[in-house]
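Coordinate inspection notes
As a plain string of letters, each chain reads:
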Amino acid sequence: MWLLKKKKPGIKNKNLERYDSVRRLMWLKCAHCGKLVYYKDYKDNLRVCPECNHLFGMTPKQRFDLLFDSVDYEKINLPHVSDDPLGFVDLKPYTTRLAEARKETGYDDAIAVASGAVGGVKTTMAVMNIEFNGGSMGRAVGEGIIAGVDHAIKNREPFVIVTSSGGARMQENVLALMQMARTTSAIDKLKDAKLPYIVILTDPTFGGVTASFAMLGDVHIAESGARIGFAGRRVIEQNIREKLPNDFQTSEYLYEHGMIDIVTTRAHLKDTLSDVLAVLMRKEHVPEIKAVVTPKTEVVQQKTSTKSKSKEEKTEAYTKVLLARNENRPHFLDYINGMVDRFTPLAGDRLYAEDPALIGGLGYIQGIPVMIMGQEKGRTIETRQKHRFGMPNPEGYRKAARLMRLAEKCNLPVITLVDTTGAFAGLEAEERGQSEAVASSIHQGLSIKTPYISMIVGEGGSGGAIAVATGNTVMMLENAIYSVIAPESCASILWRDNQYKMQAAAAMKLTASELKEQGVIDKIVMEPAGGAHLDWATTMDQMKDAIVSELKVLGKMSGEELLKQRRDKFLQMTRDNQE
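Residues numbered from 1 in each chain as written. Predicted model: local features only at pLDDT ≥ 70, side-chain atom pairs only at ≥ 80, totals over all residues. Heavy atoms only, no water.

Our focus in this paragraph is helix 9 (residues 269-280). For helix 9, which comprises twelve residues, the first-to-last C-alpha distance of 17 Å matches the rise-based estimate of 16 Å (1.5 Å per residue) to within 8%. Counting buried residues along helix 9, ten of its twelve residues qualify, which places the element largely inside the surrounding structure. Among the residues of helix 9, L269, K270, T272, L273, S274, V276, L277, A278, V279 and L280 are the ones counted as buried. Looking one or two residues past helix 9, R282 carries a phi angle of roughly 55 degrees, positive in sign. (Helix = DSSP H or I, 4+ residues; strand = E, 2+ residues; numbered from the N terminus. Expected span 1.5 Å × (residues − 1). Buried < 20%, exposed > 50% of the residue type's maximum accessible area, 1.4 Å probe, protein only.)

Take a look at the structure:
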């Protein structure tokens, strides 16, 4: 008697292959959290895991569809390169690996280039393909980047590259290594053409890609959570025999260490890129109407003085000091919110860290695209500690110099709003070169060939202030102060008693009217009655009018004329009048 085998439940063998195919199309397993993700949810969430926010890879077409305004973009034909210059064979011939990658992805190699509109700005964009041999960079990738740069230069378009790569391609050995130099040369051509170069760093970006064109952008935008670095995490841990932080080599980690300007989610990537390109390419912008509200504050009535005239003058000078320090006076971020449209902060010195004490970025003032920066003091205990009371470290001044260079490249006016007691005095600041950073910022400000306006809006303290105050036009708000040292410190040193602070303030001639008379500043912007802390809206309106009026004058000058005017002004400053 034949024993019949019990049939296993489930799908018949003849349908198993088709079922697996359908199942793979319906569900994906997240490599990070291990959860199954329904394909529709995965697609609707822009290929980001809805459970853990892990970033799935995107093909070049998916990136183009995400970032361009429409699917009506032009694909750029890239140069053909021979497949296997070294005749390389590992477990299988290199030619076989290329053939398999092409069949699996539908792309010739790990890069694609297209031209289309981003936020209305015509843009050349290159996208690396992580699915093609890990996005590795060989000769084809190098030629693709060079072709994309040439297209951008020919058509006067900004160049954007979306990176995703494990590094240089081993099967091409030193020929792949040479692409680091070749792509860098192409980026140099783009910079000589004064066209913006934006790098969008996605997961993962490593090796020779980060060590060349991926870290040379004018602006670095990174997707939140992306892994970015030179050597891999395991290699580093094995080398130093230490456990690395959990966030090591993430976008957020690199932001804190000064390498990234902007970290954003994939959902906001298009809007962020659009805002950056709009200002860098000086796209027209209709000014927005902003409702500026002055926070409530207690008004302290000043008692009428019965002292001598000389004593009144001393009191008046120190009163200005107190007004400049008033806690309700607008700070940098308040001015940004009340005066600047589409502000996009840019972060990092590209060397060590992001310094929140000095904030800078792109935006529009009355429809004029500008680079604007200044010290932020903070208003609460937490924000004051975060911004270090507006006292920048060396990284803040190096960031300022970097943003000045970018503004010059893109012919954007530089606006600085100065409000600081001075550069931060501390052990780490000295170790990282505070003096050099301040000096370099002064030098950069005196060297750029673009309009530069500085306005002292609160305290203008010492070298920390002049580091970002060497404009073609230097203005002061009526109740601001500008001095080499605080009057209290001056009194302690020279009078040996800080109770003489009012006498010191008067003797130092640190008020706007006195500095205008000395020729140190060019213009005074009047404040509403009682001071800026009582009426933010009027203060900001008058500041905007003064800035726009001056930009119209400076805008008529060439780069060389702006440079000469600025240098000559400071060279002539403080000289005794000669008959």
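Here we come to a nonpolar patch on the surface. A cluster of nonpolar side chains, contributed by V484, I485, I493, L494, W495 and Y500, occupies part of the molecular surface with about 590 Å² of accessible area. If you trace the backbone, I485 turns up in the loop between strand 16 (481-483) and helix 17 (487-495). The class of I485 is partly exposed, set by a relative accessible area of 31%. (Patch = residues over 30% accessible without salt bridge, like charges linked within 9 Å, V, L, I, M, F, W, Y side chains within 5 Å. Areas by Shrake-Rupley, 256 points an atom, 1.4 Å probe, with all protein chains shown as cover. Salt bridge = Lys/Arg side-chain N within 4 Å of Asp/Glu carboxyl O.)

Put simply, helix 13 (residues 394-409) and helix 15 (residues 434-445) touch, their axes get as near as 8 Å, and they point 20 degrees apart. Between helix 13 and helix 15, the angle falls in the class roughly parallel. Judged by the sense of rotation from one axis to the other, the crossing of helix 13 with helix 15 is left-handed. The residues of helix 15 that touch helix 13, namely those facing P394, Y397, R398, A400, A401, M404 and R405, are Q434, E436, A437, V438, S441, Q444 and G445. Grouping the amino acids of the contact of helix 13 with helix 15 by side-chain chemistry returns seven nonpolar, four polar and three charged. (Axes fitted to C-alpha atoms, helices over the stretch in contact; angles between N-to-C directions. Parallel < 35°, antiparallel > 145°, perpendicular 65-115°, else oblique. Left-handed = near helix turned anticlockwise from the far one by under 90°. Contact = heavy atoms within 4.5 Å. Nonpolar A, V, L, I, M, F, W, Y, C, P; charged D, E, K, R; others polar.)

Attention now goes to the packing of helix 5 (residues 139-155) against helix 6 (residues 173-192). Angle between the axes and distance between the axes are the two parameters that describe a pair of packed helices. Between helix 5 and helix 6, the least distance of the axes is 9 Å, while the angle of their chain directions is 5 degrees. By the angle between their axes, helix 5 is roughly parallel relative to helix 6. Contacts between helix 5 and helix 6 pair R139, G142, E143, I145, I146, V149, D150, A152 and I153 from the former with L175, Q179, R182, T183, A186, I187, K189 and L190 from the latter.

Here we come to the confidence of the model for the protein chain. Any residue range with low pLDDT should be treated as having predicted coordinates unsuitable for detailed reading. Per-residue pLDDT for the protein chain has a mean of 91; in total, 92% of the residues score no lower than 70. In the predicted structure, residues 1-7 sits below a pLDDT of 50 and forms zero contacts with residues beyond four places in sequence or in another chain. (pLDDT = per-residue confidence, 0-100.)

Glycine aside, a negative phi is what most residues show, and trans is what most peptide bonds show. Across the junction of D203 and P204, the peptide omega takes the value -10 degrees, indicating a cis bond. Positionally, P204 belongs in strand 7 (residues 197-205). Of note in this structure, K194 is not a glycine but carries a positive phi near 60 degrees. Structurally, K194 is set in the loop between helix 6 and strand 7. For K194, a relative accessible area of 47% puts it in the partly exposed group.

Checked against the element boundaries, V468 lands in the loop between helix 16 (462-466) and strand 15 (473-477). Owing to a relative accessible area of 2%, V468 belongs among the buried residues under this scheme. Residues V468 and Q62 lie 406 residues apart in sequence; the distance between their C-alpha atoms is 42 Å. Each residue touching V468, except ones within four places of it in the same chain, is listed here: L358, Q375, A400, M404, T416, V418, S441, Y452 and S454.

As a further point, take the pattern of salt bridges. Tallied over the full model, the rule gives 38 salt bridges. The salt bridge involving E223 is made with R266; its shortest N-O contact spans 2.8 Å. One end of the pair, E223, is in strand 8 (residues 219-223); the other, R266, is in the loop between strand 9 (262-264) and helix 9, with 43 residues separating them in the sequence. For R388, the salt bridge identified is with D355, shortest N-O distance 3.1 Å. Of this pair, R388 sits in the loop between helix 12 (381-387) and helix 13 while D355 is found in the loop between strand 10 (341-346) and strand 11 (358-365), placing the two residues 33 residues apart along the sequence. Across the pair, exposure class does not vary: R388 and D355 are buried alike. The structure contains a network of salt bridges with shared partners spanning R325, K377, D419, E459 and E488.

What follows covers the nonpolar core. Generally speaking, soluble globular proteins have nonpolar side chains that are buried together. Of all hydrophobic cores here, the largest spans 84 residues; its most connected members are M125 and L273. In terms of residue count, helix 20 (residues 536-554) provides more of this core than any other element does, eight residues in total. Not counting the four nearest positions on each side in its chain, M125 is found in contact with F64, L67, F68, A112, V113, A114, V118, V160, V162 and L273. Counting residues in each nonpolar core, the second largest holds 41 residues, with V48, L55, A101 and V141 among its members. (Core = buried A, V, L, I, M, F, W, Y, C linked by side-chain atoms within 4.5 Å.)

The next point concerns the pairing of strand 12 (residues 368-375). Each regular strand carries side chains that alternate between the two faces of the sheet. A large share of strand 12 lies buried, amounting to seven of its eight residues. The hairpin turn running from strand 11 into strand 12, its antiparallel successor, is two residues long, and Q366 in that turn takes a positive phi close to 50 degrees. Of the strand pairs in this sheet, strand 12 and strand 13 (residues 414-420) are connected by four bridges, and their pairing is parallel. In the sheet register, G374 faces strand 13, and the bridge partner there is L417. (Pairing = 2+ DSSP bridges.)

A separate point is the state of the cysteines. Inspection of every chain in the model, using the stated rule, returns zero disulfides. No disulfide involves C33; its sulfur sits 3.7 Å from that of C30, the nearest cysteine. Judged by relative accessible area, which is 32%, C33 ranks as partly exposed. (Disulfide = S-S within 2.5 Å.)

Right, let's talk about the packing of aromatic side chains for a bit. Enumeration over the complete set of coordinates arrives at eight aromatic pairs. Plain terms: the ring middles of Y39 and Y42 are 5.5 Å apart, the flat faces sit at 45 degrees to each other, and that makes the pair tilted. With Y39 and Y42 both in helix 2 (residues 39-44) and three residues apart, the pair spans about one turn of that helix. Ring plane angle 70 degrees and centroid distance 5.3 Å describe the contact between F248 and Y253, whose orientation is recorded as edge-to-face. Ring pairs connect the aromatic residues Y39, Y42 and F56, which therefore count as one cluster. (Phe/Tyr/Trp six-rings, centres within 6.5 Å; stacked < 30°, edge-to-face > 60°.)

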